[in-house]
Amino acid sequence: MRMNEISKNNLLVAEEAQILKLEGTENYMVKVWRNGNAGILHAGNDVLTYESIRKAERAITRIRPDLRITTI
């Protein structure tokens with residue numbers, strides 16, 4: 001799955017990214033923050049999920065290597 005254009009733009013302007021484990025699965029999603037507002041990264045109409053924290057971090061840093069990332 002590829003990140004949709006809106007999510008990519010949200011990531012480009014984000015102040016922080018959080019990697020969260022999806023309950024009931026072994027997958028992770030990414031929430032980005034800017035000015036107190038949050039957005040979830042999507043692929044098409046579905047939430048973009050990653051098989052590991054490392055893969056999520058790699059996807060974020062590919063676009064925003066300077067962005068602060070926290071894992072919850």
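Shown above is the structure to which this text applies.
I will try to describe carefully the structure that is included in this document. Note that the coordinates shown come from a computational prediction; the quantities given were computed from them, not determined experimentally.

Remarks on the overall build of the chain
The number of helices and strands found in the chain is two helices and six strands. Starting at the N terminus, the α and β elements of the chain follow one another as α-β-β-β-β-β-α-β. Radius of gyration (C-alpha) of the chain: 11 Å, near the 11 Å computed for a compact globule of 72 residues. Its C-alpha atoms put the chain at 30 × 25 × 25 Å along the principal axes. Within the chain, the proportion of its 72 residues that are buried is 31%. Within the chain, residue pairs in contact and separated by at least 24 positions form 47% of the contacts whose partners lie at least 6 positions apart.

Let's talk about the sheet that holds strand E6 (residues 68-71)
With mixed pairing, the four strands of this open sheet are ordered in space as E3-E2-E1-E6. For this open sheet the edge positions go to strand E3 (37-40) and E6, each flanked by a neighbour on one side alone. Between one strand axis and the next, the sheet turns through 25 degrees on average, direction left out of account.

Quick word on the pairing of strand E2 (residues 28-34)
Sheet topology places strand E1 (residues 16-21) next to E2; six bridges connect them, and they run antiparallel. Note on E2: the bridge partner recorded for Glu16 is Trp33. The antiparallel hairpin formed by E1 and E2 contains six residues in its connecting segment, where Gly24 sits at a positive phi of about 80 degrees. In the sheet, E2 pairs with E3 via four bridges, with the strands oriented antiparallel. Note that in E3 the partner of Lys31 across the bridge is Ile40. Where E2 hands over to E3, the hairpin turn is made up of two residues, of which Asn35 adopts a positive phi near 50 degrees.

Notes on helix H2 (residues 53-63)
By the burial criterion, the buried members of H2 are Ala56, Ala59 and Ile60. Here the buried residues of H2 occupy an arc of 95 degrees about the axis, which is enough to place them on one side. Turned more than 90 degrees away from the buried face of H2 sit Arg54 and Arg62, all of them exposed.

Procedures and definitions
Residues numbered from 1 in each chain as written. Predicted model: local features only at pLDDT ≥ 70, side-chain atom pairs only at ≥ 80, totals over all residues. Heavy atoms only, no water. Helix = DSSP H or I, 4+ residues; strand = E, 2+ residues; numbered from the N terminus. Rg over C-alpha atoms; globule rule 2.2 N^0.38 Å. Buried < 20%, exposed > 50% of the residue type's maximum accessible area, 1.4 Å probe, protein only. Contact = heavy atoms within 4.5 Å. Pairing = 2+ DSSP bridges. Axes fitted to C-alpha atoms, helices over the stretch in contact; angles between N-to-C directions. Arc of directions from axis to C-beta.

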